[in-house]
Amino acid sequence: MEPLLLSKRERRKLASQYAELCLTCGTCAGGCPVTGVDGLDVRKVVRLAVLGLDQEIIDSKFPWVCTMCGRCEHACPMNIDLLKLLRSARAMRDRDKVPGVLHKGVEMCLKTGNNVGIPEEDFKFLLEDLGAELAEELPGFEVPVDKKGAKYLFTINSKEPFAEPEDMMFWWRILYAAGESWTVASKNWEGVNWGLFTGDDEAMKEIVGRLVQNYKELECEYLVLPE
Amino acid sequence: MDKSVHQELTTYHDPCNYARKSERTFGHGYYEEPRWVLQQCCENFVEMYPNRANNFCCGGGGGAWASPYTEERIFYGRVKAKQIKDTGAKLLIAPCHNCRDQIMKSLRKEYDFMDVEVKYLWELVADSLIIEPREE
Ligand code: SF4
Ligand code: SF4
């Protein structure tokens with residue numbers, strides 16, 4: 001193994017000013033369910049960051065098997081911003097090395113308005129069809145699409161229209177029973193933002209911006225991300 | 001609301017994002033609100049331990065449910081599985097898509113508690129409603 005010359009290390013990017021305060025107490029790693037996976041744990045990640053070994057963290061799978069649950073940060077006696085550290089390590093990965101489908105989902109969302117690429121026509125047809133099905137039980141029910149001035153604008157988790165469409169009816173029943181005025185947008189209705197997971201702030205902002213634009217254009221009072 | 005629909009012992013999973021992370025990010029953790037909603041729908045409620053800010057993640061968060069690290073995700077979930085089984089509850093309310101999928105579709109099978117039903121919080125509400133059909 002090559003010795004690491006601390007005087008020659010690259011400029012640290014991952015360690016925040018707080019990381020220096022780490023006591024190496026291990027409280028963070030002690031309460032983390034993935035401690036030890038990939039030979040790492042969150043306390044070691046802080047050490048690596050303080051030593052400027054950013055690339056080792058970025059290349060490891062630890063930041064991705066970590067669920068960003070925040071338990072470590074909550075328990076840290078020095079209040080070190082561990083989540084930011086872990087998420088930044090995700091952000092610094094080349095996009096083509098983001099594991100699995102996460103980055104593809106982000107790209108799909110930017111391109112089509114939802115993570116799985118459901119075309120607008122199919123989406124509207126599905127809502128109409130399912131709405132009619134529910135109306136057999138709840139007379140007068142329909143799914144209001146692009147209804148201007150509705151009180152609540154609901155986003156939808158794309159996995160539902162994609163794989164579990166009937167699960168959308170739970171909310172619909174509640175809204176019917178409450179007699180509320182609500183709507184769904186025909187475009188950019190995705191309620192899931194995978195930019196959060198991939199560390200992609202720019203994509204995240206764009207996706208949120210589109211929701212806000214819908215909310216403004218439809219003149220709704222509340223924007224609901226129902227999960 | 002008809003509480004008789006859900007008579008079995010019921011427990012609640014605090015999703016990291018509603019609970020601990022919300023407290024840190026927005027200054028308010030949603031701990032009590034979902035418990036209040038839940039208890040309008042069921043009579044028999046039991047907490048898992050630890051809960052609220054100290055609850056354990058289901059193991060499917062942060063994109064893990066959609067990531068290729070399946071083995072690690074299931075390993076992570078062992079803690080959650082134990083928490084749930086220790087309560088003896090037969091119904092688990094998980095008010096987050098990720099948590100619900102991880103627990104219902106993966107952990108139940110991997111850690112052998114298929115006898116525990118899993119519902120979203122809003123599913124629990126929808127299933128408890130007594131709906132008066134509106135006049136057309
Ligand atoms: S809990 Fe905080 S102070 Fe202790 S080892 Fe972890 S990061 Fe360092
Ligand atoms: S945020 Fe990541 S490192 Fe911290 S306790 Fe959760 S899984 Fe472990």
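Since the structure is predicted, the reported quantities are computational estimates derived from the model, not experimental observations. (Residues numbered from 1 in each chain as written. Chains lettered and ligands numbered in written order. Predicted model: local features only at pLDDT ≥ 70, side-chain atom pairs only at ≥ 80, totals over all residues. Heavy atoms only, no water.)

A. The arrangement of the overall build of chain B in detail. Check the secondary structure of chain B and you find six helices and four strands. Mapped from its N terminus to its C terminus, chain B presents α and β elements in the order β-α-α-β-α-α-β-α-β-α. In terms of overall size, chain B behaves like a compact globule, its C-alpha atoms giving a radius of gyration of 15 Å where 136 residues would be expected to give roughly 14 Å. Considered along the principal axes of its C-alpha atoms, chain B spans approximately 50 × 35 × 30 Å. Expressed as a percentage of its 136 residues, the buried residues of chain B come to 55%. At a minimum sequence separation of 6, the contacts of chain B that also span at least 24 residues come to 74%. In the structure as shown, chain B presents an accessible area of about 6200 Å², 51% of it carried by carbon and sulfur atoms. (Helix = DSSP H or I, 4+ residues; strand = E, 2+ residues; numbered from the N terminus. Rg over C-alpha atoms; globule rule 2.2 N^0.38 Å. Buried < 20%, exposed > 50% of the residue type's maximum accessible area, 1.4 Å probe, protein only. Contact = heavy atoms within 4.5 Å. Areas by Shrake-Rupley, 256 points an atom, 1.4 Å probe, with all protein chains shown as cover.)

B. View of empty space enclosed by the protein. Residue and element names in this part refer to chain A. Scanning the model with the defined rule gives six cavities of 30 Å³ or more in all. Only helix H10 (168–178) and strand S2 (182–184) provide two or more residues apiece to the lining of the largest cavity. Counting residues per element, the lining of the largest cavity draws most heavily on H10, at four residues. Taken as a whole, the second largest cavity encloses approximately 90 Å³ of empty space. In this structure, the second largest cavity is lined by 15 residues; those nearest its centre are Cys 32, Cys 66, Cys 69, Cys 72 and Leu 86. Among the elements of the structure, helix H5 (71–75) and helix H6 (82–91) are those that each provide at least two residues to the lining of the second largest cavity. Among the residues making up the lining of the second largest cavity, the classes are represented as twelve nonpolar, two polar and one charged. (1 Å grid on protein atoms, 1.4 Å probe; cavity = no way out; pocket = protein on both sides within 12 Å on 5 of 7 lines; lining within 4 Å. Points joined across faces, edges and corners; volume = space filled by probe spheres on them. Nonpolar A, V, L, I, M, F, W, Y, C, P; charged D, E, K, R; others polar.)

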